[in-house]
Amino acid sequence: MAHFDMKKGMTDVRVRFAPSPTGYLHVGGLRTALFNWLFARRHGGTFILRIEDTDRDRSTDAAIEAILDGLRWAGLDWDEGPHRQSDRWDLYRQKAMELLDRGRAYWCVCTPEELEARRKEAQAKGESLKYDCRCRERGLTAPTQSAALRFRSPQEGQTVVEDLIKGSITFDNAVLDDLIILRSNGYPTYNLSVVIDDALMGITHVIRGDDHVNNTPRQVSLFEALEYPVPKFAHVPMILGEDKSRLSKRHGATSVLAYEEMGYLPQALVNYLVRLGWSHGNQEIFSIGEMIEKFSFDHVQSSAAVFNPEKLQWLNAEYIKQGESRHLAELLLPFLEKQGYDPNGVVQPRGGIEAVVPHLRERAKTLVEMADWTVPYIVDPVAMDEAAAGKFLTPAIAPSLHKFAERAKTIEPFSKETLEPVVHAILEEEQLKMGKFAQPLRVALTGRTFSPGIYEVMELLGKDRTLIRIGQALNRIKEPLI
RNA sequence: GUCCCCAUCGUCUAGUCUGGCCUAGGACGCCGGCCUUUCAAGCCGGCAACACGGGUUCAAAUCCCGUUGGGGACGCCA
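Everything numeric in this text was worked out from a predicted model, so none of it was measured.

If you tally the helices and strands in chain A, you get 18 helices and 14 strands. Over its C-alpha atoms chain A spans a radius of gyration of 32 Å, topping by over 25% the 23 Å that the globule rule assigns to 482 residues. Taken along its principal axes, the extent of the C-alpha atoms in chain A is 105 × 55 × 40 Å. The long-range fraction of contacts in chain A, counting pairs at least 24 apart against all pairs at least 6 apart in sequence, stands at 75%. Between the averaged position of the 60 positive side-chain charges in chain A and that of its 67 negative side-chain charges there is a distance of 2 Å.

As structure tokens, then:
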């Protein structure tokens, strides 16, 4: 085809991500997409998005949107598509008929119920569940009853798949089913449409999940029967849950967009996923550029990997720490709005959200956590943690807080440099250790027992809100609510 | 049951192809310490693995065979 580059002496790389739109994009799908994308970018190739919606009952437009949203969020851009197989019915039917005409396919009138019954029987007897080829030699030409079209799969010899990740895999053709390529309702099945599309779209490398390994020899036979060149294959290992069973909802979130909602940065998820099954020496953190530069199937693991949320969270914290204030502030906005923040309202930290970020990014593991810690600066009055108040806002500390507030009134400018000497003077006069004073002050100002440094908190709040909050704390000590 | 694949710390992995540099390295988590105005972060230290059994070899985590264990597939799903 047109993808042959004389200079390189090899075919230009063309890969595809081909999800079926029956649900959201899950982390396993994203990793498959990522490996495809990385391989394409690494080799200056083309990344194609194809929607495999040949199952008309289970495919939905909402799922397509969810998948596209997930890919966009993760930053995986595609060069072609999304193509939809449902736009290509005629093509698949035409190819199926060609196979029929050439004797490579035959009509099968076994009903789904009969097939199911025979499978059950075989299972009970402990036999292979393979189709018994009952209709193979019937020579049905134009069945009047409902019939499916089956591919006449070669039954002699072996098919060897040279997998880029797993090495060579050998199958006896005798174990291969005569698979259905056209349903009795006239619509093609996955195994037919995938082969036709991969061939016609010039796919050079089929990079997909491990669960397709057993389909591969059947598809290779189909490529050959259709007289198409056979692409190279790379089957990426599965992602398992903690109990080593296939990753599913009961292991926690599997939807890519759920990670967005939980406050993960796309780069962190992508970095986690690329390291799950692939490695480059001891390196853990990769920029997108480094991934593209270093990715190769040579170092993709051939065994399944367990999804580890703790490590993902660690990476997320790393990316948050490295994040630029302005960028993080932007990402934080939707989370803050959930906490009741009004970007145009009067209740603002001094210097804006961007000013809070540097004090929180060192310690936050997710944007959700970061948003929660921002609450004291964006909501008035302060939401008081009763347990903290009970423990720290005591009559004993009231005089010191009062004294501090009195002196703070005159401090100008209101900053760490000017506040620090005042606090130290009070500690000395009142014979207090820093912890004994800072902790009650922290609770008064933030309503919580943990926060950034106390001077930073006061800077962010500004003089007015600092004084108001100390005043409110003193009132509360004087006249405790019942 | 049949077929396919896989097997290094709890987890992700380096090392395996090209046997010796491996008294098996890194990372997450966990434990302890330091720092400290809180919570984190940071820094330092610790625990922790070549599934088992046979070969081959002067030498095996690395090569071969078997066993066990795990995963996947066996749909008119993809």
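Turning our attention to the sheet that holds strand β7 (residues 148–151). Strand pairing in a sheet is mediated by backbone hydrogen bonds. Such pairs are either parallel or antiparallel. Read across the sheet, three strands follow the order β6-β7-β10 without closing on themselves; strand pairing throughout is antiparallel. Since the sheet does not close on itself, it has two edges, and those belong to β6 (105–108) and β10 (180–182), each with one partner. The sheet shows a mean angle of 45° between the axes of neighbouring strands, taken without regard to direction. As paired strands, β7 and β10 are joined by two bridges and run antiparallel to one another. From the neighbouring strand, Arg-150 faces β10, where its bridge partner is Ile-180.

Okay, the protein's contact with RNA strand B next. Around RNA strand B, 62 residues are found, and the nearest of them are Gly-126, Arg-183, Gly-277, Arg-363 and Ser-451. Counted by atom, the contact set of RNA strand B within 4 Å of the protein is 69% sugar and phosphate. With respect to RNA strand B, the side chain of Asn-215 contributes an N or O atom lying 3.2 Å from a base nitrogen. Looking at the surface near RNA strand B, the elements that each hand over two or more residues are α4 (112–125), β9 (167–172), β14 (305–306), α10 (309–322), α17 (434–446) and α18 (454–478). A class-by-class count of the residues in the surface near RNA strand B yields 19 nonpolar, 23 polar and 20 charged.

With that out of the way, let us pick up the packing of aromatic side chains. In the structure shown here, the tally under the stated rule is eleven aromatic pairs. Ring centres 5.7 Å apart and planes at 45° place the aromatic pair Trp-278 and Phe-295 in the tilted group. With Trp-278 in the loop between α8 (266–275) and α9 (288–294) and Phe-295 in the loop between α9 and β14, this pair connects stretches of sequence that are 17 residues apart. Of the two residues examined, Trp-278 and Phe-295, each falls in the buried class. When the ring of Phe-404 is compared with that of Phe-437, the centres are 5.9 Å apart and the planes differ by 75°; the resulting orientation is edge-to-face. With Phe-404 in helix α15 (residues 398–408) and Phe-437 in helix α17, the pair connects residues that are 33 residues apart, well separated along the chain.

Here we come to the sheet that holds strand β3 (residues 14–17). Strand order in the open sheet formed by three strands is β3-β4-β5, and the pairing between neighbours is parallel. With one partner strand each, in any of the chains shown, β3 and β5 (80–84) form the two edges of the open sheet. Looking at each pair of strands side by side, their axes are set apart by 25° on average, direction ignored. Bridging between β3 and strand β4 (residues 46–51) involves four bridges; their strand directions are parallel. Counterpart to Arg-16 in the pairing with β4 is Ile-48.

All right, on to the side chain of Ser-400 then. Along the polypeptide, Ser-400 turns up in helix α15. Of the residues examined, Ser-400 reaches a relative accessible area of 3% and is grouped as buried. Once residues within four sequence positions are removed from consideration, Ser-400 is found in contact with Ile-426, Glu-430, Leu-432 and Phe-437.

Let's shift gears to the packing of α15 against helix α16 (residues 416–430). Two packed helices can be described by the angle between their axes and the distance between those axes. The N-to-C vectors of α15 and α16 enclose an angle of 145°; their axes lie 10 Å apart at closest approach. Between α15 and α16 the crossing geometry is right-handed. Every residue of α16 that contacts α15 at Ser-400, Lys-403, Phe-404 and Arg-407 is listed here: Leu-419, Val-422, Val-423, Ala-425, Ile-426, Glu-429 and Glu-430. Classifying every residue of the contact of α15 with α16 gives six nonpolar, one polar and four charged.

The linkage connecting Gly-81 with the following residue, Pro-82, adopts the cis geometry, with an omega of 5°. Mapped onto the elements of the fold, Pro-82 is located in strand β5. Along the chain, Asp-380 connects to Pro-381 via a cis peptide bond; the corresponding omega equals -10°. Summarising the element assignment, Pro-381 is placed in the loop between α13 (367–378) and α14 (386–392). At Glu-227, a position not held by glycine, the phi torsion is positive, near 60°. The topology assignment puts Glu-227 in the loop between α6 (216–225) and β12 (232–236). For Glu-227, a relative accessible area of 67% corresponds to the exposed category.

With that out of the way, let us pick up the confidence of the model for chain A. On average, residues of chain A score 92 in pLDDT, and 97% of them reach the 70 mark or higher. Highest mean pLDDT in chain A belongs to β4 (98); lowest belongs to strand β1 (residues 4–5) (42). Confidence over residues 1–9 falls short of pLDDT 50; this stretch has 13 contacts with residues more than four positions distant or in other chains. Under the prediction, the complex receives an ipTM of 0.95, its pTM being 0.93.

Tallied over the full model, the rule gives 38 salt bridges. With a shortest N-O distance of 3.2 Å, Glu-80 and Arg-14 are connected by a salt bridge. Taken together, the residues Glu-80 in strand β5 and Arg-14 in strand β3 connect sequence positions 66 residues apart. According to the relative accessible area criterion, Arg-14 is buried, its value standing at 8%. For Asp-132, the salt bridge goes to Arg-118, with nearest N and O atoms at 3.0 Å. Taken together, the residues span a long stretch of sequence, with Asp-132 in the loop between α4 and β7 and Arg-118 in helix α4 at a distance of 14 residues. Arg-118 sits in the buried class, given a relative accessible area of 18%. Look at the salt bridges and you will find they share partners, linking Arg-16, Arg-50, Glu-52, Arg-88, Asp-197 and Asp-198 into a network.

How each quantity is defined
Residues numbered from 1 in each chain as written. Chains lettered and ligands numbered in written order. Predicted model: local features only at pLDDT ≥ 70, side-chain atom pairs only at ≥ 80, totals over all residues. Heavy atoms only, no water. Helix = DSSP H or I, 4+ residues; strand = E, 2+ residues; numbered from the N terminus. Rg over C-alpha atoms; globule rule 2.2 N^0.38 Å. Contact = heavy atoms within 4.5 Å. Lys, Arg positive; Asp, Glu negative; His and termini not counted. Charge placed at Lys NZ, Arg CZ, Asp CG, Glu CD. Pairing = 2+ DSSP bridges. Axes fitted to C-alpha atoms, helices over the stretch in contact; angles between N-to-C directions. Near = heavy atom within 4 Å. Polar contact = N/O pair within 3.5 Å; in protein donor to acceptor, adjacent residues only side chain to side chain. Nonpolar A, V, L, I, M, F, W, Y, C, P; charged D, E, K, R; others polar. Phe/Tyr/Trp six-rings, centres within 6.5 Å; stacked < 30°, edge-to-face > 60°. Buried < 20%, exposed > 50% of the residue type's maximum accessible area, 1.4 Å probe, protein only. Left-handed = near helix turned anticlockwise from the far one by under 90°. pLDDT = per-residue confidence, 0-100. Salt bridge = Lys/Arg side-chain N within 4 Å of Asp/Glu carboxyl O.

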